[in-house]
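Coordinates in review
For reference, the chains in residue letters:
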Amino acid sequence: MEANEVQELEEHAEHAEHDRMLRPVALTMTILAVLVAVVTVLGHRTHTEAILNQTRAAVEQNRAADEWAFYQAHKIRANDTELTSDLMSVVTITNKDAAKKIAKGYADHQQKWAKDLKESEEKARETEKKVSEFEEKVEGAEGRANRFDLGEVLLEIGLVITSITLLTHKRIYWYMGMGFSVVGIVATVMGVLLK
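No experiment lies behind these values; they were computed from the predicted model shown.

1. Considerations on the overall build of the protein chain
Scanning the protein chain for helices and strands turns up three helices and zero strands. Overall, the protein chain shows an N-to-C arrangement of helices and strands of α-α-α. In the protein chain, buried positions account for 27% of the 195 residues. Residue pairs in contact within the protein chain that sit at least 24 positions apart in sequence constitute 82% of those at least 6 positions apart. When the accessible surface of the protein chain is summed, it comes to about 13,300 Å², and 60% of that surface belongs to carbon and sulfur atoms.

2. As for unusual backbone geometry
The backbone of His169 shows a phi angle near 60 degrees, a positive value even though the residue is not glycine. Considering the arrangement of structural elements, one finds His169 in the loop between helix 2 (96–168) and helix 3 (171–193).

3. Some thoughts on the side chain of Arg144
Residue placement: Arg144 occurs in helix 2. Non-local contacts of Arg144, meaning those with residues more than four positions away in its chain, are made with Thr46, Glu49, Gly191, Leu194 and Lys195.

4. Notes on the pattern of salt bridges
Counting across every chain of the model gives three salt bridges. One salt bridge in this structure joins Glu49 and Arg144, with 2.8 Å as the shortest N-O distance. Note that Glu49 is positioned in helix 1 (residues 3–90) and Arg144 in helix 2, a separation of 95 residues in sequence. Given the relative accessible area of 14%, Arg144 is considered buried. Measuring nitrogen to oxygen at the nearest pair gives 2.8 Å for the salt bridge that ties Glu60 to Arg63. Of this pair, Glu60 and Arg63 both sit in helix 1, three residues apart, roughly one helical turn.

5. What to know about a nonpolar patch on the surface
A cluster of nonpolar side chains, contributed by Val34, Val38, Leu42, Ile185, Val189, Val192 and Leu193, occupies part of the molecular surface with about 570 Å² of accessible area. Contributing elements (two or more residues each) for the nonpolar patch: helix 1 and helix 3. It is helix 3 that provides the largest number of residues to the nonpolar patch, a total of four residues. Its place among the elements puts Leu193 in helix 3.

6. Considering the environment of Asp80
Relative to the assigned elements, Asp80 resides in helix 1. On the basis of relative accessibility, which here comes to 43%, the residue Asp80 falls in the partly exposed class. With 30 residues separating them in the primary sequence, Asp80 and Gln110 have C-alpha atoms 9.9 Å apart.

7. Focus: the side chain of Thr46
Within the secondary structure, Thr46 is located in helix 1. A relative accessible area of 6% means that Thr46 is categorised as buried. Among the polar contacts listed, one links the side chain of Thr46 to the backbone oxygen of Leu42, at a separation of 2.7 Å. Residues contacting Thr46, with those up to four places away along its chain left out, are Ala141, Arg144, Ala145 and Phe148.

Parameters and conventions
Residues numbered from 1 in each chain as written. Predicted model: local features only at pLDDT ≥ 70, side-chain atom pairs only at ≥ 80, totals over all residues. Heavy atoms only, no water. Helix = DSSP H or I, 4+ residues; strand = E, 2+ residues; numbered from the N terminus. Buried < 20%, exposed > 50% of the residue type's maximum accessible area, 1.4 Å probe, protein only. Contact = heavy atoms within 4.5 Å. Areas by Shrake-Rupley, 256 points an atom, 1.4 Å probe, with all protein chains shown as cover. Salt bridge = Lys/Arg side-chain N within 4 Å of Asp/Glu carboxyl O. Patch = residues over 30% accessible without salt bridge, like charges linked within 9 Å, V, L, I, M, F, W, Y side chains within 5 Å. Polar contact = N/O pair within 3.5 Å; in protein donor to acceptor, adjacent residues only side chain to side chain.

Right under this line is the structure:
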């Protein structure tokens, strides 16, 4: 064997050794790329969930405001009727039968409006509860989305640092990239477990 052939065989052996060393790095990068994609989708969906719940909360807040306005309208009508009844009781009226009939009508209205007031107040309070429920859902979704975003960033950093191994052939970058990736996976798992 000539010296050139020996040197060429040594280079091929060295090249094969580098390829063998880089295979786990390439596999790690592939897995990290898939994880980044999955975490990105989870983050986007969770942000969308938060926005939908914010919209639902806003709708319910408007509904609650309408219910309270309806309640106030009933309250004003009830107070006006009560004042009119009080006024009729102290004013001298010539036609007592007509006055009794009108007073009876006011009393009937008072009963109806008292019932309506109670129903309006209950509806408004129920709607306010729905607003609170949606706001809690928004907070939960935002918390999960923040975890997913953190996990995505850390996984991307891990992927980039791991890729430096391909350029430098130094395993320290692979280990560092794996470290960032593990922390990113933990952040993502925390987002999944957060309710």
